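# Working through the structure, step by step
Spelled out, the chains give:
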Amino acid sequence: MLMIKRLMTQHMPGMLTCEEVDGFLYDFHDGNLSYIERFKFKLHLSMCPECRDYLDGYKNAIRMSQTGFIKANKSTEVPEDLMQAILKSRTSK
Amino acid sequence: MKKQPLATSMKDIDNENKLIEGLINNNDLAYEALVRQYGAKMYTVAWRFFSTDDDAQECLQKAFIQVFKNIPSFKKNSNLSTWLHRITVNEALMMLRQKKRQHTSSLETFYQQYNDYGERTVFADNLGHSLSHNLSNNIEMIFEKGETKLSLNELIYQLPEKYCNVILLRDIQELSTKETAEILAISEASVKTQLHRARLLLKAILEQEDKESAEKNWTVN
Ligand SMILES: [Zn+2]
């Protein structure tokens, strides 16, 4: 597989190298790649397990950070005493 | 998951104008309406920065203090919810800056494993292995600091401020690149590079942590 990958990346026109894939990672994740770029990106991924793992890790890091902070997706209710305290802070000097 | 603007219909906009008028005229009822109507949305924003009651509540309170102070200078034609959102975000960032502990130094050498564009500097067949190996010393230090491993939130807080901020604004608050650039007063290109770099750092740290919990007897030479 490694041999094939090397042959492909070195001799196939338009084939991305691992370095180039890395440069596309952000825009791929955020959906900013053109159709052609996305195709090239996916073609490389289909041949390169390292980059597939790398992309998985990248997505995972983002997902983990999101779940760490976003505990409940619904809007959080403001406790009544906090509401009162806030209103009071306006009038009291 | 994307945020909806609070005022979407003509009716809402009409109500918003009335509300703003009441606020500018120092009407108590208008203030109560403001806090009740918009407080929850602002609280949710605060929650996404801190995810603890105390901090989120403190943030909301501080944000409203700013709101009350700045209502007289609020321009009638600007969007109230956008303005409130911006104030909440700014207060949260300010609180984070004050809270930020001086623990980041152990991470510093770790960042050098990436170039200025946030790209990995190790490739080829042993992709990942030599990278992890280089990083292991630094990361081990981070995780051994406490008796328990850091929570992910703590980890994000401990990233250098610029990385912490872009992650919180782009990945957690889900603001656009443009909005993030405006709030942080940096270019959109910088938002992009810093976010990419921040994500890669988190990725590397998380993978290292996984590896460590998988290999209990793992040692650094
Ligand atoms: Zn590759």
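- Per an unreviewed UniProt entry, the recorded name for chain B is Sigma-70 family RNA polymerase sigma factor, and the organism is Colwellia hornerae.
- Recorded in UniProt for chain B, the comment headed Sequence similarities (unreviewed entry) runs: "Belongs to the sigma-70 factor family. ECF subfamily."

- The name given to chain A in an unreviewed UniProt entry is Putative zinc-finger domain-containing protein, with Colwellia hornerae as the source organism.

### Some thoughts on the overall build of chain B
- Each helix and strand in chain B was counted, giving 10 helices and zero strands.
- Reading the secondary structure of chain B in the N-to-C direction produces α-α-α-α-α-α-α-α-α-α.
- Across the 221 residues in chain B, those meeting the buried criterion constitute 48%.
- In chain B, 69% of the contacts between residues at least 6 apart in sequence involve partners at least 24 apart.

### Overview of the coordination of the zinc ion
All names here are of chain A.
- Donor atoms from the polypeptide that bind the zinc ion are Cys18 (SG), His44 (NE2), Cys48 (SG) and Cys51 (SG), placed at 2.1 to 2.3 Å.
- Here the zinc ion is ringed by four donor atoms whose angles at the metal span 105 to 113°, and the overall shape comes out tetrahedral.
- Residue classification places histidine 44 among the buried residues on the basis of a relative accessible area of 1%.
- The class for cysteine 51 is buried, based on a relative accessible area of 3%.

### Overview of the domain arrangement of chain B
Residue and element names in this part refer to chain B.
- Annotation of chain B at the domain level lists domain 1 (11-99) and domain 2 (105-220).
- Contacts between the two partners involve 12 residues from domain 1 and, on the opposite side, 13 residues from domain 2.
- Taken together, the two surfaces of domain 1 and domain 2 that pack against each other cover about 1100 Å², and 53% of this comes from carbon and sulfur.
- At the surface where domain 1 touches domain 2, the tally comes to three salt bridges.
- As a salt-bridge pair, glutamate 174 and arginine 48 come within 3.9 Å of each other at their nearest N and O atoms.
- For the interface between domain 1 and domain 2, the tally reads five residue pairs in polar contact (both at pLDDT 80 or more).

### Quick notes on the packing of aromatic side chains
- Taken as a whole and judged by the stated rule, the model has five aromatic pairs over all chains.
- Aromatic rings pair up to connect Tyr31, Phe64 and Phe68 of chain B into one cluster.
- Over the face of the ring belonging to tyrosine 31 of chain B we find arginine 90 of chain A, whose NZ or CZ atom lies 3.8 Å from the ring centre.

### Observations regarding the UniProt feature "domain: Putative zinc-finger" (unreviewed entry) in chain A
- UniProt marks residues 18-52 of chain A with the feature "domain: Putative zinc-finger" (unreviewed entry), using the numbering shown here.
- Secondary structure across residues 18-52 of chain A divides into 83% helix and 0% strand, with the first and last C-alpha atoms of the span separated by 10 Å.

### As for the interface of chain A and chain B
- The interface is formed by 40 residues belonging to chain A together with 46 residues belonging to chain B.
- Contact between chain A and chain B buries roughly 4000 Å² in total, counting both sides, with carbon and sulfur atoms accounting for 63%.
- It is Tyr26, Phe69 and Arg90 of chain A that lose the most area in chain A upon contact with chain B, and together they represent 21% of the buried surface on that side.
- Scanning the region where chain A abuts chain B turns up five salt bridges.

### Quick word on the environment of serine 65 of chain A
- Relative to the assigned elements, serine 65 of chain A resides in helix α4 (residues 49-69).
- Judged by relative accessible area, serine 65 of chain A falls into the buried class, the value being 1%.
- If we skip the residues at most four places from it in the chain, serine 65 of chain A touches Leu152, Ile156, Ile167, Ile172 and Leu202 of chain B.
- Of the polar contacts made by the side chain of serine 65 of chain A, one reaches the backbone oxygen of isoleucine 62 of chain A; its length is 2.8 Å.

### Comments concerning the confidence of the model for chain A
- Averaged over every residue, the pLDDT of chain A is 82; residues scoring 70 or more account for 80%.
- For chain A, per-element mean pLDDT is lowest for helix α1 (residues 2-11) of chain A, which scores 63, and highest for helix α3 (residues 35-47) of chain A, which scores 92.

### Comments concerning the state of the cysteines
- For the coordinates displayed, the defined rule picks out zero disulfides over all chains.
- With no disulfide of its own, cysteine 164 of chain B has cysteine 59 of chain B as its nearest cysteine by sulfur position, at a separation of 13 Å.

### Focus on the packing of helix α4 (residues 80-99) of chain B against helix α8 (residues 161-172) of chain B
Residues and elements named next belong to chain B.
- At a minimum axis separation of 12 Å, α4 and α8 run at an interaxial angle of 145°. Considering only the axes of α4 and α8, their crossing is right-handed. Across from Val89, Leu93, Leu96 and Arg97 in α4, the residues of α8 making contact are Glu161, Asn165, Leu168 and Leu169.
- In terms of residue class, the contact of α4 with α8 is built from five nonpolar, one polar and two charged.

Reading the values: the criteria
- Residues numbered from 1 in each chain as written.
- Chains lettered and ligands numbered in written order.
- Predicted model: local features only at pLDDT ≥ 70, side-chain atom pairs only at ≥ 80, totals over all residues.
- Heavy atoms only, no water.
- UniProt positions renumbered as here; feature names shortened; annotations may be inferred.
- Helix = DSSP H or I, 4+ residues; strand = E, 2+ residues; numbered from the N terminus.
- Buried < 20%, exposed > 50% of the residue type's maximum accessible area, 1.4 Å probe, protein only.
- Contact = heavy atoms within 4.5 Å.
- Donors = N, O, S within 2.8 Å, 3.2 Å for Na, K, Ca; no water.
- Tetrahedral: all angles 85-135°; square planar, octahedral: opposite > 155°, others 65-115°.
- Domains from an automatic or database assignment.
- Buried area = accessible area lost by both parts, 1.4 Å probe.
- Salt bridge = Lys/Arg side-chain N within 4 Å of Asp/Glu carboxyl O.
- Polar contact = N/O pair within 3.5 Å; in protein donor to acceptor, adjacent residues only side chain to side chain.
- Phe/Tyr/Trp six-rings, centres within 6.5 Å; stacked < 30°, edge-to-face > 60°.
- Lys NZ or Arg CZ within 6 Å of the ring centre and 35° of its normal.
- pLDDT = per-residue confidence, 0-100.
- Disulfide = S-S within 2.5 Å.
- Axes fitted to C-alpha atoms, helices over the stretch in contact; angles between N-to-C directions.
- Left-handed = near helix turned anticlockwise from the far one by under 90°.
- Nonpolar A, V, L, I, M, F, W, Y, C, P; charged D, E, K, R; others polar.

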